[in-house]
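Summary of structural features
Chain by chain, the residues run as shown.
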Amino acid sequence: NITWIESVANSTYHSMELKAEKRYTKGLSLLGSYTFSKSIDNSPGISTGSNASSAVAQNAFDLRAERGLSDFDVRHRLVASTIWEIPLGKGHKVFGGGPLAHVFGGWQASGILSLQSGRPFTAVLSGDLSNTLNRNDRPNLVGDPNSGPKTVEQWFNKAAFQTQAVGSFGTAGRNIIIGPGFQNFDFALSRNFNLTERFKIQFRTELFNAFNHPNFNYPAATQNAPTTFGQIASALDPRQMQFGLKIIF
């Protein structure tokens, strides 16, 4: 087998971007951004090492068949962040004086919400059914792969794919299956303690994936491995909490 690398790939990206912002006033700031986009290409780019096959066309004489959604295509993405100076303690109506002002005053809450739709991936075959030595074959497409139950046991419609005859290329396109989406909320609660005019200490409690929402990785995509095909075997990190102490001067 001889490997040949050509600069023949092309891509197209279109998007609509919206932004809403409330500048920091009265102890509160808000920032929200939404992107509706679509990215199409006919190759994920040059890959090396263990990912070298991802940039190999199923049929080098038919690059049109490689045209599909980009690996990084995310149709919808919303990110919102906020910072809120909690109105307690000195200078506020609640706990404005006395010992309680020192206990409840000076706290700040912040958070980042991220919501996005799933990224695409490709159903593949193990082995060399096309007899081309590319080892990047795809099965035949006979239905809608995205009509599946969307469960951990079966994310997409496995019946939408069939193994083609030996010595032929499959009809399934590249990146036609949409993977799991992503939902995450990070939260932080902090308090500043003034030591002198120049020095202060900030205590922080941070929660990553605060609601412990499961965000799944891609399901298994090898069609002629029926035991695992369509199953999700792993997820991103669960909720994590950390505490920090920072000296500001």
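Our subject in this report is the structure included herewith. (Residues numbered from 1 in each chain as written. Predicted model: local features only at pLDDT ≥ 70, side-chain atom pairs only at ≥ 80, totals over all residues. Heavy atoms only, no water.)

**Structural notes on the overall build of the protein chain**
Convention followed: Strands here are runs of E lasting at least two residues and helices are runs of H or I lasting at least four, both read from the DSSP assignment and numbered beginning at the N terminus. Here the radius of gyration uses the C-alpha set of atoms, whereas the globule reference equals 2.2 Å times the residue count to the power 0.38. Exposure categories follow from relative accessible area, calculated using a 1.4 Å probe and restricted to protein chains: below 20% of the type maximum is buried, above 50% is exposed, and the middle band is partly exposed. Contacts are assigned to residue pairs that have any heavy atoms within 4.5 Å of one another. Just so you know, the count uses Lys and Arg for positive and Asp and Glu for negative, and it drops His and the chain ends. In this description, the location of a charge corresponds to atom NZ of lysine, CZ of arginine, CG of aspartate or CD of glutamate.
Along the backbone of the protein chain there are one helix and 12 strands. Taking 18 Å as the expected radius of gyration for a compact globule of 249 residues, we find that the protein chain reaches 25 Å, considerably beyond that expectation. Across its three principal axes, the protein chain shows a C-alpha extent of roughly 85 × 40 × 30 Å. Burial statistics for the protein chain: of 249 residues in total, 29% are counted as buried. Counting contacts in the protein chain only where the partners sit at least 6 residues apart, residues at least 24 apart contribute 68% of the total. The distance from the centre of the 23 positive side-chain charges to the centre of the 17 negative ones in the protein chain is 12 Å.

**Topic: the packing of aromatic side chains**
Rules: A pair of aromatic rings is counted whenever rings of Phe, Tyr or Trp (Trp by its six-membered ring) have centres within 6.5 Å, and the orientation is called stacked for planes under 30 degrees apart, edge-to-face for over 60 and tilted otherwise.
Applying the stated criterion across every chain yields a total of nine aromatic pairs. Seen in terms of ring centroids, Phe-161 and Phe-229 are 6.1 Å apart; in terms of plane orientation they differ by 75°. Their pairing is edge-to-face. Here the residue Phe-161 occupies a position in strand β8 (residues 161–162), and Phe-229 occupies one in the loop between β11 (200–208) and β12 (240–248), the gap between them amounting to 68 residues. A connected cluster of aromatic rings, assembled from ring pairs, spans Phe-121, Phe-156, Phe-161, Tyr-218 and Phe-229.

**A few points about the nonpolar core**
We apply this condition: Only buried Ala, Val, Leu, Ile, Met, Phe, Trp, Tyr and Cys residues count toward a nonpolar core, and they belong to the same one when joined by side-chain atoms within 4.5 Å.
By size, the foremost hydrophobic cluster in this structure holds 11 residues: Phe-121, Ala-123, Trp-155, Phe-156, Ala-160, Phe-161, Ala-172, Ile-177, Ala-221, Phe-229 and Ile-232. If near-sequence neighbours (up to four positions away) are discounted, Ile-232 is found in contact with Thr-151, Val-152, Trp-155, Pro-180, Phe-216, Asn-217 and Pro-219.

**With respect to the pattern of salt bridges**
What counts here: Here, a salt bridge means any Lys or Arg side-chain nitrogen found within 4 Å of an Asp or Glu carboxyl oxygen.
Applying the stated criterion to the full structure yields seven salt bridges. A salt bridge links Asp-73 to Arg-75; the nearest nitrogen and oxygen atoms lie 3.1 Å apart. The class of Asp-73 is buried, set by a relative accessible area of 3%. A single salt-bridge network, built from bridges that share partners, covers Lys-19, Glu-21 and Arg-23.

**What about the environment of Ile-247?**
Summarising the element assignment, Ile-247 is placed in strand β12. Using a relative accessible area of 56% as the deciding quantity, one classes Ile-247 as exposed. As for Ile-247 and Asn-184, which are separated by 63 residues in sequence, their C-alpha atoms are 29 Å apart. With near-sequence residues (within four places) excluded, Ile-247 lies in contact with Phe-199, Lys-200 and Ile-201.

**A few points about the pairing of strand β2 (residues 28–41)**
What counts here: Strands are labelled as partners when DSSP assigns at least two bridges between them.
Taken together, the 13 bridges between strand β1 (residues 11–25) and β2 define a ladder with antiparallel strand orientation. The residue of β2 that forms the bridge with Leu-18 is Tyr-34. Here β1 hands over to β2 after two residues, with Lys-26 in that stretch at a positive phi of 50°. As paired elements, β2 and strand β4 (residues 76–85) share nine bridges and run antiparallel to each other. Bridge pairing in β4 places Leu-30 opposite Thr-82. Here β2 runs beside strand β3 (residues 68–69); their pairing, made up of two bridges, is antiparallel.

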